[in-house]
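# Structural overview for review
Listed here are the chains, written in short residue letters.
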Amino acid sequence: MLITPRYGDTALADLMPSVLAVLGVPGETDRVGLGLAGIDRVCVLLVDGMGADLLAAHPDEAPFLTGAASRTLTAGFPSTTAASLGSLGTGVPPGEHGVVGYLLAVPGQKRLMNPLKWRLHGQGPHVDLLKEVVPEEFQPGPTIFERAVDAGIAVTRVCPPYQAQSGLTRAALRGGNFRPNFSMGDLVDGAAKAMREGSKSLVYAYHGELDLTGHARGPNSDAWALELAQVDSMARLLADRLPPDGALIVTADHGMVEIVEPVDFDSESVLQHGVARLGGEPRARHAYTTDGATHDVVQAWRSELGNEFMVVSRDDAVSRGWFGPSVTTRSADRIGDVIAVPTGSSAVIRSGAEPLQSRMIGHHGSLTQAEMLVPLRVVT
């Protein structure tokens, strides 16, 4: 069963506007229903790759996180880090903030763009994409953190050093102070101290090793479970250090599944016909077609991929609300002409063009429950 994102209600894009409402920012509403009366300090800890289903399956490894009241949010589409962090940082769905995929088209560039790395994908001349695709112009709307700062709230982002001035940070997560963290202990210490700044405070902390472990070893591996145990300890230690008027919110950007019998685009000529560029990622492919080929590509992919995939045109995906209730022209131009999402455990890999990604065990991006549902843990 595929899940349509619950935009405007309990989607990841609704979380931070709700936090702003808790902190008393004018014009904001608690869409998610956090109900945190008397709270002046909030830390949002995002654990990359910690899907709600995966977390629920590991109560022994994560007694603190699974012991809290159980609620879920939906990721947006695609259920991938760049799109989800875009939604978290702006408070709007991908159709509005414009980070619509792992690899996406940008005007003036023949090669596709990777917004996580803010660089062009594949072989070709070097392009300084921070100059060619200026992040603040790519996503010009005010971020959650900028809105909080304007309201007099002390904002601190506690994240790995590489994120400080990355393109994605500048586009969707800009605003407030940046405190680099170098370990789990450093994250806890930095976030706990930042929560005590100002009369009101908002702290955003990011942890990425669980996702990396899932990609490399699989989310069903012992390694993933052991890493989750470390995450659980980190969250508990941070909760132990909350100020009296503080709250900790733990969530994630997507879940993950293990891939069985992937389809290799690079060896399937039927899939290649009419496709000028293949973007997205294995569990959420964007096919950019040659002129007039969209209908034929949809039909060919449906025939070749069968019931293991849902294959739709861009217009169909937009009308289904996958990217949000409103899709700007700027964002629509970045979406593939054809989109393919697995309904089961398959994927469309590229063994030649994307050898490292194709060898990964764990993947995400589709609309399945395992990928779409993320936990919402609120601790006071």
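Residues numbered from 1 in each chain as written. Predicted model: local features only at pLDDT ≥ 70, side-chain atom pairs only at ≥ 80, totals over all residues. Heavy atoms only, no water.

## A short note on helix H14 (residues 294-305)
- Here H14 spans 16 Å end to end across 12 residues, near enough to the 16 Å set by a 1.5 Å rise per residue.
- With its phi angle positive at about 70°, Gly 306 sits one or two positions after the end of H14. (Helix = DSSP H or I, 4+ residues; strand = E, 2+ residues; numbered from the N terminus. Expected span 1.5 Å × (residues − 1).)

## Side note on the sheet that holds strand S12 (residues 284-289)
- Across the sheet, which stays open at both edges, the four strands sit in the order S11-S12-S14-S13 with antiparallel pairing between neighbours. Either end of the sheet is taken by a strand with one partner, and the two such strands are strand S11 (275-281) and strand S13 (309-313). The average undirected angle you get between the axes of adjacent strands in this sheet is 20°.
- As paired strands, S12 and strand S14 (residues 338-342) are joined by three bridges and run antiparallel to one another. Directly across from His 286, in S14, lies its bridge partner Ile 339. (Pairing = 2+ DSSP bridges. Axes fitted to C-alpha atoms, helices over the stretch in contact; angles between N-to-C directions.)

## Regarding the confidence of the model for the protein chain
- Per-residue confidence for the protein chain averages 97 on the pLDDT scale, and 100% of its residues sit at or above 70.
- Within the protein chain, the element-level pLDDT minimum falls on helix H3 (residues 63-67), averaging 95, and the maximum on strand S7 (residues 201-207), averaging 99. (pLDDT = per-residue confidence, 0-100.)

## Describing unusual backbone geometry
- Residues Phe 77 and Pro 78 are joined by a peptide bond in cis, for which omega reads -5°.
- Structurally, Pro 78 is set in the loop between strand S2 (72-74) and helix H4 (81-90).
- Despite not being glycine, Trp 118 has its phi angle at roughly 55°, a positive value.
- Here Trp 118 shows up in the loop between strand S3 (113-114) and strand S4 (119-120).
- The phi dihedral of Glu 261 falls on the positive side, at around 50°, and the residue is not glycine.
- Of note, Glu 261 is situated in the loop between strand S9 (257-258) and strand S10 (263-264).
- We classify Glu 261 as exposed; its relative accessible area is 68%. (Buried < 20%, exposed > 50% of the residue type's maximum accessible area, 1.4 Å probe, protein only.)

## Considering the environment of Asp 253
- As for its placement among the helices and strands, Asp 253 is situated in the loop between strand S8 (246-251) and S9.
- With near-sequence residues (within four places) excluded, Asp 253 lies in contact with Leu 12, Leu 46, Val 47, Asp 48, Gly 49, Ala 75, Thr 81, Ser 84 and Val 374.
- One polar contact links the side chain of Asp 253 to the main-chain amide nitrogen of Gly 49, over a distance of 2.9 Å. (Contact = heavy atoms within 4.5 Å. Polar contact = N/O pair within 3.5 Å; in protein donor to acceptor, adjacent residues only side chain to side chain.)

## Brief notes about the packing of helix H10 (residues 184-194) against helix H12 (residues 222-240)
- The N-to-C vectors of H10 and H12 enclose an angle of 25°; their axes lie 9 Å apart at closest approach. It follows that H10 is roughly parallel to H12 by the angle criterion. Crossing hand, H10 versus H12: right-handed. Contact residues: H10 offers Met 184, Leu 187, Val 188, Ala 191 and Ala 192, while H12 offers Glu 227, Gln 230, Val 231, Met 234, Leu 237 and Leu 238.
- Residues belonging to the contact of H10 with H12 are distributed by class as follows: nine nonpolar, one polar and one charged. (Parallel < 35°, antiparallel > 145°, perpendicular 65-115°, else oblique. Left-handed = near helix turned anticlockwise from the far one by under 90°. Nonpolar A, V, L, I, M, F, W, Y, C, P; charged D, E, K, R; others polar.)

## A closer look at the packing of aromatic side chains
- With the rule as written, the count across this model stands at five aromatic pairs.
- Pairing Phe 77 with Phe 323 gives two aromatic rings, centres 5.2 Å apart and planes at 70°, and the pair type is edge-to-face. Of this pair, Phe 77 sits in the loop between S2 and H4 while Phe 323 is found in the loop between helix H15 (314-319) and helix H16 (329-332), placing the two residues 246 residues apart along the sequence. Phe 323 matches Phe 77 in its accessibility class, with the two residues each being buried.
- The interplanar angle of 50° and the centroid separation of 6.3 Å between the aromatic rings of Phe 265 and Trp 301 together place this pair among those described as tilted. Of this pair, Phe 265 sits in the loop between S10 and helix H13 (269-272) while Trp 301 is found in helix H14, placing the two residues 36 residues apart along the sequence.
- Here Phe 265 falls in the buried class, since its relative accessible area comes to 6%.
- Note on Trp 301: relative accessible area 0%, which makes it buried.
- An aromatic cluster of three or more residues is present, and its members are Phe 77, Trp 322 and Phe 323.
- Sitting above the plane of the Tyr 288 ring, Arg 277 keeps its charged end 5.4 Å from the centroid. (Phe/Tyr/Trp six-rings, centres within 6.5 Å; stacked < 30°, edge-to-face > 60°. Lys NZ or Arg CZ within 6 Å of the ring centre and 35° of its normal.)

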